[in-house]
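Commentary on secondary and tertiary structure
As a plain string of letters, each chain reads:
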Amino acid sequence: MSGITINDEYINELREQFKKWADFLNMGFGLVSFTLALTCLGTKTPVLNAWFSLIVVAFIRYKGSHIFPAEIIRLRKAAKLDQNARIVLNGLSKEFLSVKAMILGYPVFLIGYVLLCIIAVSPLLIPVMPALGSYVGI
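Nothing here was measured: the structure is a model prediction, and the numbers come from that model. Each residue is numbered by its place in its chain's sequence as written, counting from 1. Since the coordinates come from a predicted model, pLDDT governs what is reported: local features require at least 70, and pairs of side-chain atoms require 80 or more to be given and counted, while whole-chain, interface and lining totals use all residues. Calculated side-chain values reflect all of the structure's heavy atoms, with hydrogen atoms and water omitted.

What follows is about the packing of aromatic side chains. Two aromatic rings from Phe, Tyr or Trp, using only the six-membered ring of Trp, form a pair when their centres are within 6.5 Å; if the ring planes differ by under 30 degrees the pair is stacked, by over 60 it is edge-to-face, and anything between is tilted. Counted according to the given criterion, the structure contains 7 aromatic pairs. Judged by centre distance (5.2 Å) and plane angle (50°), the ring pair of F29 and F109 falls under tilted. Of this pair, F29 sits in helix α1 (residues 8-41) while F109 is found in helix α6 (residues 107-120), placing the two residues 80 residues apart along the sequence. Buried, partly exposed and exposed residues are distinguished by accessible area as a fraction of the type maximum, computed with a 1.4 Å probe on protein chains only: under 20%, between the cut-offs, and over 50%, respectively. When its relative accessible area of 12% is taken as the criterion, F109 is described as buried. Measuring from ring centre to ring centre gives 5.8 Å for F109 and Y113, while their planes differ by 10°; the resulting arrangement is stacked. Here F109 pairs with Y113, and both are found in helix α6, just 4 residues apart, close to one helical turn. Helix and strand assignments follow DSSP, with helices taken as H or I runs no shorter than four residues and strands as E runs no shorter than two, numbered in order from the N terminus.

With that settled, the discussion passes to the nonpolar core. Grouped together as the largest cluster of nonpolar side chains are 31 residues, with contacts concentrated most on F18 and L92. Secondary structure elements with two or more residues in this core: α1, α2 (46-63), α3 (70-78), α4 (83-96), α6 and α8 (132-136). With 11 residues, α1 is the largest single contributor of residues to this core. When near neighbours in sequence (up to four residues on either side) are disregarded, L92 contacts Y10, I11, L14, I72, L75 and L97. Put simply, buried Ala, Val, Leu, Ile, Met, Phe, Trp, Tyr and Cys residues joined by side-chain atoms within 4.5 Å make one nonpolar core. Two residues qualify as a contact provided that any one of their heavy atoms is within 4.5 Å of a heavy atom in the partner residue.

This is the structure:
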């Protein structure tokens, strides 16, 4: 992995890139997912509409993929051949992409997307969570 110096400037730049990514996930992807999930619940066919909504949010995610930090993508490619890149990537992943980082950094995204996914797969979940049936009309 040539040309990388891990210093405060490098980490601060990554933090800024992940802040933009978090803003996109929370305010773009998550807010739309949450709104679509609530809208689906108000229709006669919430499960079907949730699947259509997942297609829409997948397109939104695809269109926003350029916001994801390019350095992480570069490190993922380099890590296949370079042990140092793997070490740096693992450290950065723990700080920015761990479960804890997701919960703290992307709460609106998680709530909206998980809710939409639960509605979409609710026919499979009703045996485990019978109360869910009254929300999705099954």
